[in-house]
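Chain by chain, the residues:
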Amino acid sequence: MLDNLTINDLPDGVVDVVEVIGMDAFKSLVKFAGGSNLYIPNESSLVKGARNRMIRESFDGD
């Protein structure tokens, strides 16, 4: 039944997500985490590890 779902069938609260990630990705997300609370970290916490790695790689001991 999920295959027949269109954006017009969705509740207003998820339409923004579908517009950002697309219907196919949304359907995959529903299959993976549907019914659970899903935390999506903000950008600054996601890039912190990469930022720290870049700092370590460029550090020359000075």
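Preceding this section is the structure that the text describes.
What you see is a predicted model; the values in this text were computed from it and never measured. (Residues numbered from 1 in each chain as written. Predicted model: local features only at pLDDT ≥ 70, side-chain atom pairs only at ≥ 80, totals over all residues. Heavy atoms only, no water.)

Before going further, it helps to spend a moment on the side chain of lysine 27. Tracing the sequence through the fold places lysine 27 in helix H2 (residues 23–33). For the buried lysine 27, no salt bridge is present, and the opposite-charge side chain at shortest range is aspartate 24, 4.9 Å distant. For lysine 27, the side chain forms a polar contact with the main-chain oxygen of leucine 2, separated by 3.4 Å. (Helix = DSSP H or I, 4+ residues; strand = E, 2+ residues; numbered from the N terminus. Buried < 20%, exposed > 50% of the residue type's maximum accessible area, 1.4 Å probe, protein only. Lys, Arg positive; Asp, Glu negative; His and termini not counted. Salt bridge = Lys/Arg side-chain N within 4 Å of Asp/Glu carboxyl O. Polar contact = N/O pair within 3.5 Å; in protein donor to acceptor, adjacent residues only side chain to side chain.)

In this section: the pattern of salt bridges. Evaluation of the coordinates by the stated rule reveals 1 salt bridge. Salt-bridge contacts for glutamate 57 lead to arginine 53; the nearest nitrogen and oxygen are separated by 3.7 Å. Within this pair, glutamate 57 and its partner arginine 53 are both found in helix H3 (residues 43–58), separated by 4 residues, close to a single helical turn. A residue is classified by how much of its surface remains accessible, and glutamate 57, at 58% relative accessible area, is exposed.

Another aspect to go through is the nonpolar core. One broad trend across soluble globular proteins is that nonpolar side chains are buried collectively. Formed by Leu10, Val15, Val18, Met23 and Phe26, the largest nonpolar core amounts to 5 residues. Setting aside residues no more than four positions away along its own chain, phenylalanine 26 makes contact with Leu10, Val14, Val17, Val18 and Ile21. (Core = buried A, V, L, I, M, F, W, Y, C linked by side-chain atoms within 4.5 Å. Contact = heavy atoms within 4.5 Å.)

Okay, a nonpolar patch on the surface next. Together, Val17, Val20 and Ile21 line one region of the surface with nonpolar side chains, adding up to about 260 Å² of accessible area. Relative to the elements of secondary structure, valine 17 occurs in helix H1 (residues 12–21). (Patch = residues over 30% accessible without salt bridge, like charges linked within 9 Å, V, L, I, M, F, W, Y side chains within 5 Å. Areas by Shrake-Rupley, 256 points an atom, 1.4 Å probe, with all protein chains shown as cover.)

Here we come to the packing of H1 against H2. Relative orientation and spacing of two packed helices are given, respectively, by the angle between their axes and the distance between those axes. Where H1 meets H2, the axes come as close as 7 Å, and the angle between the chain directions of the two elements is 120 degrees. In terms of orientation, H1 lies oblique with respect to H2. Note on element contacts: H2 touches H1 through Met23, Ala25, Phe26 and Leu29, opposite Val14, Val17, Val18 and Ile21. Looking at side-chain class alone, the contact of H1 with H2 contains 8 nonpolar, no polar and no charged residues. (Axes fitted to C-alpha atoms, helices over the stretch in contact; angles between N-to-C directions. Parallel < 35°, antiparallel > 145°, perpendicular 65-115°, else oblique. Nonpolar A, V, L, I, M, F, W, Y, C, P; charged D, E, K, R; others polar.)

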